[in-house]
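Spelled out, the chains give:
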Amino acid sequence: MKHKWLTVLSFTLIVGLLAACGTGTGEDKTETGEKRETLTIGTEATYPPFSYRDAESNEITGYDVEVAREVGKRIGMKVEFVPTEWKGMFSSLDSKRFDMIANQVAITDERKEKYSFSNPYAISGGQVIVHEENTEIKGIDDLKGKTVGTTQGSNYAKAAEEAGAKIKYYKGIAQVLADLNVKRIDAALNDRLFVQQELKDSNYKVKPVGEPFNKTKMAFAFRKNQDELIEKVNNALKEMKEDGTIAELSQKYFGEDISE
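The residue numbers shown here count from 1 along each chain, following its written sequence. With the structure being a predicted model, the display of local features is reserved for residues of pLDDT at least 70 and the display and counting of side-chain atom pairs for 80 or more, all residues being used for whole-chain, interface and lining totals. Heavy atoms from the whole structure form the basis of all side-chain values; hydrogens and water molecules are not counted.

Moving on to the overall build of the protein. We count a stretch as a helix when DSSP gives it H or I for four or more residues in a row; a strand needs E for two or more, and each element gets its number in order from the N terminus. Scanning the protein from terminus to terminus reveals 9 helices and 14 strands. Here the protein holds 260 residues, and the buried ones make up 47% of them. Restricting the contact set of the protein to residue pairs at least 6 apart, pairs at least 24 apart contribute 67%. Just so you have it, the protein exposes about 14000 Å², and 49% of that area is on carbon and sulfur atoms. Exposed residues in this analysis have more than 50% of their type's maximum accessible area, buried residues have under 20%, and partly exposed residues fall in between, with area computed by a 1.4 Å probe over protein chains only. Contacts are residue-level and defined by heavy atoms, with any inter-residue pair within 4.5 Å sufficient. Only the protein chains shown count as cover for residues, and the accessible areas themselves come from Shrake-Rupley with a 1.4 Å probe.

Right, dumping it as structure tokens:
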């Protein structure tokens, strides 16, 4: 009887191990192999109009947030946003604090080496911003030797360095604009859509100068080997583009279709 009991126990253990190993890449399942029901999303919640808190409800909203929320609805997953500072966004993705990033993440060759991306849902470009009294800087070619403010981990830091500027890092874009407003820095670089919306009704004494200096495609960012989840997200984005949902959200926040 003792040997029979050991045989049954061994068989049970083997079945359990095989079940644990048979979950594929596990990108759409929990560590126990169960179907994942919640899609966790990293976002700043301090970057209007893409990701910010509504002044009245304090709920996280914005263009990226609404696109991501609709994607979650279409793939049958509950969406949970995880407010995260930009400088820690990718390290938090690496540590599996959330499943993906929705925060105007530009697709770059450098990022593609380590991360996977959805299909783009926004197209924009970099914009130079200066104090309204500045007449010396007219575009990115005039940044050599100037002090440019940017957030840590931003792809705009690289553009500023390539232009010969000195970089000063900040926690967020609000701090960048506050220092530019009192001339502690010479210029800032940011997304043209952000500049277009954020500065429109603000009290900042700053202005955009020159044409957008690059073209960037924005997408949701994922860890590598999340192919199953990415495919579902891309199918949802395709549907949203075809049925006009993305164009409608674009018009709501920008007055134009930014997905083209």
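More follows now that the structure is in view.
A fitted line through C-alpha atoms represents every axis, and for helices the fit uses only the stretch in contact; the resulting angles, taken between N-to-C directions, go from 0 to 180 degrees. Close contact between helix α2 (residues 63–74) and helix α8 (residues 227–242) brings their axes to 9 Å; oriented N to C, the two are set at 110°. With respect to each other, α2 and α8 are oriented roughly perpendicular. Remark: the crossing between α2 and α8 carries right-handed chirality. Across the interface between the two elements, V67, E70, V71 and R74 from α2 touch V233, A236, L237, E239 and M240 from α8. For classification purposes, angles smaller than 35 degrees are called roughly parallel, those larger than 145 roughly antiparallel, those between 65 and 115 roughly perpendicular, and all remaining angles oblique. Whether a crossing is left-handed or right-handed is set by the direction in which the near helix is turned from the far one by less than a right angle, anticlockwise for left-handed and clockwise for right-handed.

This part is about the side chain of E44. Tracing the backbone shows E44 in the loop between β1 (38–43) and β2 (46–47). Note on charges: Lys and Arg go in the positive column, Asp and Glu in the negative column, and His and the chain ends are not counted at all. A side-chain nitrogen of Lys or Arg and a carboxyl oxygen of Asp or Glu constitute a salt bridge if their distance falls within 4 Å. One buried charged side chain, E44, makes no salt bridge at all; its nearest oppositely charged neighbour is R111, positioned 9.8 Å away. Excluding residues within four positions of it along the chain, E44 makes contact with S51, P83, T84, W86, M89 and N103.

Bringing the layout of surface pockets into the picture now. Size it by volume and the largest pocket reaches roughly 540 Å³. Taken together, 24 residues line the largest pocket, and the ones lying closest to its centre are T108, E110, R111, S154 and N155. Listed by contribution, the elements that provide at least two residues to the lining of the largest pocket are α3 (89–94), α4 (109–112) and α5 (155–162). Sorting elements by how many residues they give to the lining of the largest pocket places α5 first, with 6 residues. When residues are sorted by character, Ala, Val, Leu, Ile, Met, Phe, Trp, Tyr, Cys and Pro go into the nonpolar class, Asp, Glu, Lys and Arg into the charged class, and all the rest, Gly among them, into the polar class. Within the lining of the largest pocket, the residues separate by chemical class into 8 nonpolar, 7 polar and 9 charged. Lining residues are defined by having an atom within 4 Å of a point belonging to a cavity or pocket. Those points lie on a 1 Å grid over the protein atoms alone, cavities being sets where a 1.4 Å probe fits but cannot get out and pockets being open sets with protein on both sides within 12 Å along at least five of seven lines. Grid points are joined across faces, edges and corners, and a volume is the space filled by probe spheres set on the points.

Moving on, we get to empty space enclosed by the protein. To find leftover empty space, one rolls a probe the size of a water molecule over the atoms. Counted by the stated rule, this structure contains 1 cavity of 30 Å³ or more. Put simply, the largest cavity is a space of about 250 Å³. Lining the largest cavity are 20 residues, and of these E44, Y47, T151, S154 and Y156 sit closest to its centre. For the lining of the largest cavity, the secondary-structure elements that each account for two or more residues are β2, β6 (100–106), β10 (147–151), α5 and β12 (187–191).

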